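Inside the fold
Here is what each chain is made of, one letter per residue.
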Amino acid sequence: MDKFIIEGGQRLHGRIKISGAKNGSLALMPATLLAPGCYHITNTPNLRDVWTMSRLLGSMGVFCELNGNDLFIDSNNIKSFEAPYEQVKKMRASFYVLGPLVARFGYAKVSLPGGCAWGPRPVDLHLKGMEKLGAEISLEAGYVIAKADRLKGTKFHLDISSVGATGNLLMAASLAKGTTVITNAATEPEITALARMLVKMGAKIDGIGTNCLTIDGVEELKPVNEETIPDRIEAATYLIATAMTKGKIEIENTNPYHLTSVLEKLESSGCKIEVTSDRIELEMDQDPEPIDIVTSIYPGFPTDLQAQWIAYMLTAKGVSRVTETIYQDRFKHVPELQRLGAQIDLADNVAIVKGGNRLSGATVMSSDLRASASLILAALIAEGTTEVLRVYHIDRGYEAIEKKLQSLGSSIKRVPTDIF
Ligand code: EPZ
């Protein structure tokens, strides 16, 4: 178990390159189950979650090798159609293998994902959609068993624009017999990128980028090479970190179009922002205005930036409201931020953040990926030393974060520790 030791007070300044999107890779990798062959997925981030997905696919007989940011996959020798609890409990995205396995092999045995640090995360929409596609679904000892001779096209409305359910059903429908229409589909860039990869593989998909996807199933698909899109959450995390420290940053290898809602909020708070097609420059020379946010589905303000925004609003000159609408109780970071001296009140799904109070370094505990990010951000502005424990949570979704922050002038170091 590693921890980070952070000395607060440094202004971030400089240039960094954004890595490939964690949630992009986690969608593209299961798609390789749909067609036997060799795939080369570039710009793959070197992250724990990618290793976890690689091990899961490996347990099915899929060869995965990450060489730097080049991911090589060979799915010619799939032998198992099961995703065991030991793997799925580590990462909910493992559930993405359900759709491809049933679509290609007619069978899948996938462990139900457990809850996570912020409450239950059901998969009912995934299962309802698979049933509508003609799969026979049963639950046995915590596993979903799905069977189908051949999936059949259908019409399915997602009551919630679930990213994972959209991805699972999109992959399943690609090999179904007939046409499938998914309405209220997620439009997150990672889903659009998955759809584009499936089309390169031979799938017939209309409405890509919209919340109505029409898929004409085909008999078979073929392997392709693909590039992972940049990680929009990583990019925004560094923009917020820079704004908090009144710094200046240029981020490369990013897509500003994926961050319009966040860039607007940052500008409203007082940041000066310039963008080109693949770079964003941000400069901040004042305390930010208090800016309320309400998380929502894409292209709204992402829930995966809610914790980071709370950390940012701790430096604001006033009170702001941060409302979480996607998850119940995604505020595990709040008690830890309060240990640093943050003044935050929680009322149901709203955090009322009182900005302008001095934060003092302390030892804090990561609880999940984005909560950990908010603790690191707060530590950058806290007086004195902060220790952030259990940074394996961070290593799930931020490639080389301490190296990137060090290159921007932050005093952060990774220290192995035996604290569990
Ligand atoms: C994806 O998770 C992301 N993970 C999450 O990012 C992200 O927070 C989330 O989408 C929302 O944007 C990956 O892409 C790997 P959902 P996912 O299904 O697909 C409810 C990160 O930090 N729901 O869109 O699991 C669910 O409980 C991670 O990178 C059902 O009720 O999210 C939640 O309230 C965290 N039934 C809401 O929908 C279902 O069958 C959105 O969940 C499925 C979901």
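Read on for a plain summary of the structure.

Rules and cut-offs
Residues numbered from 1 in each chain as written. Predicted model: local features only at pLDDT ≥ 70, side-chain atom pairs only at ≥ 80, totals over all residues. Heavy atoms only, no water. Near = heavy atom within 4 Å. Polar contact = N/O pair within 3.5 Å; in protein donor to acceptor, adjacent residues only side chain to side chain. Areas by Shrake-Rupley, 256 points an atom, 1.4 Å probe, with all protein chains shown as cover. Helix = DSSP H or I, 4+ residues; strand = E, 2+ residues; numbered from the N terminus. Salt bridge = Lys/Arg side-chain N within 4 Å of Asp/Glu carboxyl O. Buried < 20%, exposed > 50% of the residue type's maximum accessible area, 1.4 Å probe, protein only. Pairing = 2+ DSSP bridges. Axes fitted to C-alpha atoms, helices over the stretch in contact; angles between N-to-C directions. Contact = heavy atoms within 4.5 Å. 1 Å grid on protein atoms, 1.4 Å probe; cavity = no way out; pocket = protein on both sides within 12 Å on 5 of 7 lines; lining within 4 Å. Points joined across faces, edges and corners; volume = space filled by probe spheres on them. Nonpolar A, V, L, I, M, F, W, Y, C, P; charged D, E, K, R; others polar. Parallel < 35°, antiparallel > 145°, perpendicular 65-115°, else oblique. Patch = residues over 30% accessible without salt bridge, like charges linked within 9 Å, V, L, I, M, F, W, Y side chains within 5 Å. Lys, Arg positive; Asp, Glu negative; His and termini not counted. Charge placed at Lys NZ, Arg CZ, Asp CG, Glu CD.

**As for the site of the ligand**
- The ligand sits among 22 residues. The nearest are Arg92, Asp124, Ser162, Asp304 and Ile326.
- Within the contact set of the ligand, an oxygen atom lies 2.8 Å away from a backbone nitrogen or oxygen of valine 163.
- Here an oxygen atom of the ligand sits 3.1 Å away from a polar atom, N or O, in the side chain of tyrosine 327.
- For the ligand, whose accessible area on its own is 830 Å², the fraction buried by protein is 87%.
- When residues of the shell around the ligand are traced back to their parent elements, those giving at least two are helix H1 (22-31), helix H5 (124-132), helix H6 (163-174) and helix H12 (369-381).
- Per-element tally for the shell around the ligand: the top contributor is H5, with 3 residues.

**Remarks on the pattern of salt bridges**
- Taken as a whole and judged by the stated rule, the model has 22 salt bridges.
- For aspartate 124, the salt bridge identified is with lysine 128, shortest N-O distance 3.4 Å. Note that aspartate 124 and lysine 128 are positioned in helix H5 at a spacing of 4 residues, about one turn of the helix.
- Here aspartate 124 falls in the partly exposed class, since its relative accessible area comes to 36%.
- Here lysine 128 falls in the partly exposed class, since its relative accessible area comes to 41%.
- A salt bridge links lysine 200 to glutamate 226; the shortest N-O distance between them is 3.1 Å. Placement of lysine 200 in helix H7 (residues 189-200) and of glutamate 226 in strand E14 (residues 225-227) is noted, with a sequence separation of 26 residues between them.

**Side note on the sheet that holds strand E2 (residues 13-17)**
- The sheet built from 4 strands is open, its strands ordered E2-E15-E17-E16 with mixed pairing. Two strands close off the open sheet at either side, each with one partner strand: E2 and strand E16 (272-275). Between one strand axis and the next, the sheet turns by 10 degrees as a mean value, whatever way the strands run.
- Relative to strand E15 (residues 248-252), E2 is paired through 5 bridges, and the arrangement is parallel. Note that in E15 the partner of histidine 13 across the bridge is lysine 248.
- Helix H8 (residues 232-244) rests against E2, E15 and strand E17 (279-283) of the sheet, and its axis sits at about 170 degrees to E15.

**Considerations on the layout of surface pockets**
- Computed from the structure, the second largest pocket encloses a volume of approximately 300 Å³.
- Along the walls of the second largest pocket sit 14 residues, with Pro189, Thr192, Arg196, Tyr257 and His258 positioned nearest its centre.
- Only H7 and E14 provide two or more residues apiece to the lining of the second largest pocket.
- At 4 residues, the largest contribution of residues to the lining of the second largest pocket is made by H7.
- Looking at the lining of the second largest pocket residue by residue, the class counts come to 6 nonpolar, 5 polar and 3 charged.

**Section: the packing of H8 against helix H10 (residues 306-313)**
- Where H8 meets H10, the axes come as close as 9 Å, and the angle between the chain directions of the two elements is 5 degrees. For the element pair H8 / H10, the angle class is roughly parallel. Across the interface between the two elements, Ile233, Thr237, Ile240, Ala243 and Met244 from H8 touch Gln308, Trp309, Ala311 and Tyr312 from H10.

**Examining a negative patch on the surface**
- Negative charge collects at one region of the surface, where Glu264, Glu267, Glu274, Glu281 and Glu283 lie side by side.
- Residue assignment for the negative patch shows that the elements contributing at least two residues are helix H9 (260-268) and E17.
- Locating glutamate 267 in the fold gives a position in helix H9.

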